[in-house]
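The chain contents come next:
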Amino acid sequence: MKLIMAVVQDIDSPKLVAELTRNNIGVTKLSSTGGFLQRGNATLLMGVEEERLDEVIKIIEKICRSRKHVITPFPASPGETMAPYPIEVTVGGATVFVLNVERFEKI
Amino acid sequence: MKLIMAVVQDIDSPKLVAELTRNNIGVTKLSSTGGFLQRGNATLLMGVEEERLDEVIKIIEKICRSRKHVITPFPASPGETMAPYPIEVTVGGATVFVLNVERFEKI
Amino acid sequence: MKLIMAVVQDIDSPKLVAELTRNNIGVTKLSSTGGFLQRGNATLLMGVEEERLDEVIKIIEKICRSRKHVITPFPASPGETMAPYPIEVTVGGATVFVLNVERFEKI
Ligand code: NI
Ligand code: NI
Ligand code: NI
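Small disclaimer: the values here were computed from a predicted structure and weren't measured.

Draft legend 1. Region of interest: the overall build of chain A. When its secondary structure is counted, chain A shows 2 helices and 7 strands. Along chain A, helices and strands appear, N-terminal first, in the series β-α-β-β-α-β-β-β-β. Looking at chain A residue by residue over its 107 residues, the buried ones come to 44%.

Draft legend 2. Quick look at a nonpolar patch on the surface. All names here are of chain A. Taken together, the side chains of Ile71, Tyr85 and Ile87 make up a nonpolar region of the molecular surface, amounting to roughly 300 Å² of accessible area. Here Ile87 is to be found in strand β5 (residues 87–91). Given a relative accessible area of 35%, Ile87 falls into the partly exposed group.

Draft legend 3. The interface of chain B and chain A, seen in detail. Taken together, the 28 residues of chain B in the interface contact 20 residues of chain A. Buried surface at the junction of chain B and chain A, summed over both partners, amounts to about 1900 Å²; 61% is from carbon and sulfur atoms. Of the charged contacts, one joins Glu102(A) and Lys2(B) as a salt bridge, the two residues approaching to 2.8 Å between their closest N and O atoms. There are 8 residue pairs in polar contact (both at pLDDT 80 or more) connecting chain B and chain A. The set of elements that each furnish at least two residues to the side of chain B that touches chain A consists of β1 (2–9), β2 (28–34), β3 (39–48), α2 (53–64) and β6 (94–100) of chain B. Of all the elements, β6(B) adds the most residues to the side of chain B that touches chain A, at 7 residues. Its residues assigned to classes, the side of chain B that touches chain A comprises 13 nonpolar, 11 polar and 4 charged. Examined bridge by bridge, strand β2 (residues 28–34) of chain A and β2(B) share 3 bridges and lie antiparallel to one another. Bridge assignment links Thr28(A) to a residue of β2(B), and that residue is Gly34(B).

Draft legend 4. Region of interest: the relation of the copies chain B and chain A. It takes a turn of 120° to lay chain B on chain A, together with a shift of 0.0 Å along the axis; the resulting RMSD is 0.0 Å. In short, the pair behaves as if placed about a three-fold rotation axis. Little of the interface of chain B is mirrored in chain A, where only 14% of its interface residues again form contacts.

Draft legend 5. The relation of the copies chain C and chain A, seen in detail. With an RMSD of 0.0 Å, the fit of chain C onto chain A corresponds to turning through 120° and sliding 0.0 Å along the axis. Looking at chain C, a mere 20% of its interface residues are interface residues in chain A too, so the copies touch through different faces.

Draft legend 6. Layout of helix α2 (residues 53–64) of chain C. Residue and element names in this part refer to chain C. For α2, which comprises 12 residues, the first-to-last C-alpha distance of 16 Å matches the rise-based estimate of 16 Å (1.5 Å per residue) to within 8%. Within the span of α2, buried status applies to Leu53, Val56, Ile57, Ile59, Ile60, Ile63 and Cys64. Summarising the axial view, the buried residues of α2 lie within an arc of 150°, below the 170-degree limit, and thus occupy one face.

Draft legend 7. Main features of the environment of Thr72(A). Residues and elements named next belong to chain A. Checked against the element boundaries, Thr72 lands in the loop between β4 (67–71) and β5. The exposed category is assigned to Thr72, whose relative accessible area is 52%. Separated by 68 residues in sequence, Thr72 and Ile4 have C-alpha atoms that sit 36 Å apart.

Draft legend 8. Focus on the interface of chain C and chain A. Between chain C and chain A, the contact holds 20 residues from the first and 28 residues from the second. Together chain C and chain A conceal approximately 1800 Å² of surface at their shared face, both sides included; 62% is due to carbon and sulfur atoms. It is Glu102(C), Arg103(C) and Ile107(C) that lose the most area in chain C upon contact with chain A, and together they represent 37% of the buried surface on that side. On the surface where chain C and chain A come into contact, there are 2 salt bridges. Linking chain C with chain A are 8 residue pairs in polar contact (both at pLDDT 80 or more). Elements with a contribution of two residues or more to the side of chain C that touches chain A: α1 (13–22), β2 (28–34), β3 (39–48), β6 (94–100) and β7 (103–106) of chain C. Residues belonging to the side of chain C that touches chain A are distributed by class as follows: 10 nonpolar, 5 polar and 5 charged. Sheet topology places strand β6 (residues 94–100) of chain A next to β7(C); 4 bridges connect them, and they run antiparallel.

Draft legend 9. The packing of helix α1 (residues 13–22) of chain B against α2(B), seen in detail. Residues and elements named next belong to chain B. Relative to each other, α1 and α2 sit at 150°, their axes nearing to 10 Å. In the crossing of α1 with α2, the sense of the turn from one axis to the other is right-handed. Of α2, the residues touching α1 (which contributes Lys15, Leu16, Glu19 and Leu20) are Val56, Ile59, Ile60, Lys62, Ile63 and Cys64. Partitioning the contact of α1 with α2 into residue classes produces 7 nonpolar, no polar and 3 charged.

Draft legend 10. Structural detail: the pattern of salt bridges. The tally for this structure, following the rule as stated, stands at 24 salt bridges over all chains. A salt bridge links Lys62(C) to Glu19(C), with the nearest nitrogen and oxygen atoms 2.9 Å apart. Of the two residues, Lys62(C) sits in helix α2 while Glu19(C) sits in helix α1, which places them 43 residues apart along the sequence. By sharing partners, the salt bridges in this structure join Lys2(A), Glu50(A) and Glu102(C) into a single network.

Draft legend 11. Broad picture of the nonpolar core. With 24 residues, the main nonpolar core has Leu3(A), Leu3(B) and Leu3(C) as its most contacted residues. Breaking this core down by element, the ones donating at least two residues are β1 (2–9) and β6 of chain A, β1 and β6 of chain B together with β1 (2–9) and β6 of chain C.

So, how was this worked out
- Residues numbered from 1 in each chain as written.
- Chains lettered and ligands numbered in written order.
- Predicted model: local features only at pLDDT ≥ 70, side-chain atom pairs only at ≥ 80, totals over all residues.
- Heavy atoms only, no water.
- Helix = DSSP H or I, 4+ residues; strand = E, 2+ residues; numbered from the N terminus.
- Buried < 20%, exposed > 50% of the residue type's maximum accessible area, 1.4 Å probe, protein only.
- Patch = residues over 30% accessible without salt bridge, like charges linked within 9 Å, V, L, I, M, F, W, Y side chains within 5 Å.
- Areas by Shrake-Rupley, 256 points an atom, 1.4 Å probe, with all protein chains shown as cover.
- Salt bridge = Lys/Arg side-chain N within 4 Å of Asp/Glu carboxyl O.
- Contact = heavy atoms within 4.5 Å.
- Buried area = accessible area lost by both parts, 1.4 Å probe.
- Polar contact = N/O pair within 3.5 Å; in protein donor to acceptor, adjacent residues only side chain to side chain.
- Nonpolar A, V, L, I, M, F, W, Y, C, P; charged D, E, K, R; others polar.
- Pairing = 2+ DSSP bridges.
- Least-squares fit on C-alpha atoms with pLDDT ≥ 70 in both.
- Expected span 1.5 Å × (residues − 1).
- Arc of directions from axis to C-beta.
- Axes fitted to C-alpha atoms, helices over the stretch in contact; angles between N-to-C directions.
- Left-handed = near helix turned anticlockwise from the far one by under 90°.
- Core = buried A, V, L, I, M, F, W, Y, C linked by side-chain atoms within 4.5 Å.

Below you can see the structure in the form of C-alpha cells.
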C-alpha cells in the first residue's frame, strides 16, 4: 500500500474529494497554507493500493491541472478613467508525494 | 524509527491523545475531515521506535475500536404520532499508516 | 526526493516559512497541536532533493533552536506584596521526520 499526500488548491479540493470518493478512494483532508503568500490550500491523504496508483494520479491530474482563466479586474477606484482590461491568471496545479506504507491497520 | 499517521474520529481523539501522552508517546494532532460526508476527524502523528510499535497500535485499537451505540432519535416533528424507536449506530474506527523514518532530528 | 515533516512552535513558524521561501524551498503549513498541553504548533511539509537535505535541516535548527527567555510574570493579584521575580522559560525546539518519496508529481 502507498500513502499519497497531495497538496492542491482550495478551488479544486471539493471537486477532487468528490471524484475520489465516487471512485471509492477514501480521502482525509487537512487544511493547509502554502506557496509564496501562504494562501489557503488543502493537503489530501489517501491510502492507495499499488495497482490503483496510476488511476488516482490521473484523477488528480484531470481535476487539478494547471489552466488559464481570463478575468476582468474591477477598476481600481470609482473615478478611474481607464477601462479595465482582461488579464490571464493561472489556477490549479498540485504537488503529489507517494510514500511507501510499511504497515496498514484498519481498526 | 517509524512515523504513525492515524486518522481517528473526533469523539475518540481527546481520550487517545491523553492515553498516548500517559504512555510517553508524543502526539501531534492535525484537524482533518474525511469519509463520505467529510465529517470532522483528527489525524495524529507519532514518532515511535520500532520496539514500541505494537504497543502503540494496541492503544489505538483499545480506544478507537469500532463499537455500536444505541441512540433514541427525537421525533421528526412535534406533531409526530409514531413513537421514535431506538437505533444502533456504529462509532469509532481508525485508519493507521506506518511509515519508515529515514532520519529523525530532535532540535 | 525526500519529504520533511517538521513540527515547530507557532512562535517560530512564520520566520521559518519566510526563511525557507527565501531559499526557494516550497513549504506547506498545517495547523496542529502537540505536547503535554496540546498547545498550538505547526507541522510543515517540504519536498526536498537529497542534496539540499542538510541545508534545510540547518535552516530549521537555526530558526527553531531551543533557547531560554527571561520573562517577568505579572503579580498574581493586585494586593500581592511580594515583588514578582524574573523566571527563565525555554522556547523553540522542533521535531523533524525525513521520509523517502517513492514518486513525485508536480501537476
Ligand atoms: Ni502494499
Ligand atoms: Ni528507527
Ligand atoms: Ni529523490
